[in-house]
Amino acid sequence: MRFFSEGLNYPWVKALLGVMVLAMILSGKQTRRAAILALIAVPLSNFVTDLFKKGLPMPRPLNDPSLTDCIMRVGYSDSAGTASAHSANMMAAGVMFVIHLKWFGAPWFALAVFVGLSRIYNGAHYPSQVLLGWVVGAFMAISVHLIAERIRKGKEQKAILEAEPVRPGQTHEPTQP
C-alpha cells in the first residue's frame, strides 16, 4: 500500500505516467481530449485542496498528539491534512477518464480509490480527509468537463451560424444539427 502513496517518488513511475499521457494525447480524438482535460482538472484539484489546507487546517493522524499508537508508514509532513491532495488529484484524473473513455477509464478510477485507501493505511490522512479529497477531485473533473462541453457547443453553434447566410428580411433561426 505504501507504493500507492509514494509512487511518484520513483523516477520510473513519473516516466511511465508521462509516456502514458503522451500516448493518450497522440492517440485518437477522444483519448486526447480526456488527457488534456485531466491535465487541467488535476492541478485545479490540487489548488482547491491547498485552499482547504490553508483555510481550515486540520491535523494529519501522524501529526495528531492525541494518537499515541499511530503507525506512520510515510514521511513526516508539516502541511495540514484537511483534504488529501493525492486522493483529489487521482480522482480528478479517474473521473475525467471515465467520463470520456467509459470502461477504459475504470483502471484510473480504481487507482484513485487505491491511492486514497493507501493514504489512510499509511497514516497520512483520516478517512474524512480522503473522502473530501475524492469529492474535490470528482467535482473539479466534472466542472472542467462541463465547461469544455459548453465551449465546444458554443464553437459548433458559431460555425453553424457562420455557415448559413441570412437573406434580407429573413430572421436567422439556427438549425438543429
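Further up the page is the structure itself.
I will try to describe carefully the structure that is included in this document.

Examining the overall build of the protein
Thought 1: The number of helices and strands found in the protein is six helices and zero strands.
Thought 2: When its helices and strands are written in sequence order, the protein yields α-α-α-α-α-α.
Thought 3: Relative to its 177 residues, the protein shows a buried fraction of 35%.
Thought 4: Considering only contacts within the protein whose residues lie at least 6 apart along the sequence, 67% involve residues at least 24 apart.
Thought 5: Here the protein has roughly 10900 Å² of accessible surface; of this, 70% comes from carbon and sulfur atoms.

Structural notes on the nonpolar core
Thought 1: Judged by nonpolar contacts, the single largest core of 23 residues is most densely connected at M91, M96 and F97.
Thought 2: Every element with two or more residues in this core is listed here: α3 (29-55), α4 (85-101), α5 (106-121) and α6 (127-163).
Thought 3: A total of eight residues in this core trace back to one element, the largest contributor, which is α4.
Thought 4: For M91, the contacting residues outside a window of four places in its chain are F109, A112, W134, G137 and A138.

Some thoughts on the pattern of salt bridges
Thought 1: Across all of its chains, the model carries two salt bridges by this definition.
Thought 2: R33 serves as the salt-bridge partner of E149, at 2.8 Å between the closest nitrogen and oxygen. Of this pair, E149 sits in helix α6 while R33 sits in helix α3, and the two are 116 residues apart along the sequence.
Thought 3: For E149, a relative accessible area of 17% corresponds to the buried category.
Thought 4: In this structure, E149 and R152 form a salt bridge, with 2.7 Å as the shortest nitrogen-oxygen distance. Pair noted here: E149 and R152 are both in helix α6, with a separation of three residues, about one helical turn.
Thought 5: Residue classification places R152 among the partly exposed positions, given a relative accessible area of 31%.
Thought 6: One salt-bridge network, in which partners are shared between bridges, spans R33, E149 and R152.

Some details on the packing of α4 against α5
Thought 1: With their axes 7 Å apart at the nearest point, α4 and α5 run at an angle of 165° to one another. When the interaxial angle is binned, α4 and α5 end up roughly antiparallel. Pair α4 / α5 crosses with left-handed handedness. Across from H86, S87, M90, M91, G94, V95, F97 and V98 in α4, the residues of α5 making contact are A106, W108, F109, L111, A112, V115, G116 and R119.

A look at unusual backbone geometry
Thought 1: Not every positive phi belongs to a glycine, and K102 is a case in point at roughly 55°.
Thought 2: Structurally, K102 can be placed in the loop between α4 and α5.
Thought 3: K102 gets classed as exposed once you look at its relative accessible area, which sits at 55%.

Conventions and cut-offs
- Residues numbered from 1 in each chain as written.
- Predicted model: local features only at pLDDT ≥ 70, side-chain atom pairs only at ≥ 80, totals over all residues.
- Heavy atoms only, no water.
- Helix = DSSP H or I, 4+ residues; strand = E, 2+ residues; numbered from the N terminus.
- Buried < 20%, exposed > 50% of the residue type's maximum accessible area, 1.4 Å probe, protein only.
- Contact = heavy atoms within 4.5 Å.
- Areas by Shrake-Rupley, 256 points an atom, 1.4 Å probe, with all protein chains shown as cover.
- Core = buried A, V, L, I, M, F, W, Y, C linked by side-chain atoms within 4.5 Å.
- Salt bridge = Lys/Arg side-chain N within 4 Å of Asp/Glu carboxyl O.
- Axes fitted to C-alpha atoms, helices over the stretch in contact; angles between N-to-C directions.
- Parallel < 35°, antiparallel > 145°, perpendicular 65-115°, else oblique.
- Left-handed = near helix turned anticlockwise from the far one by under 90°.

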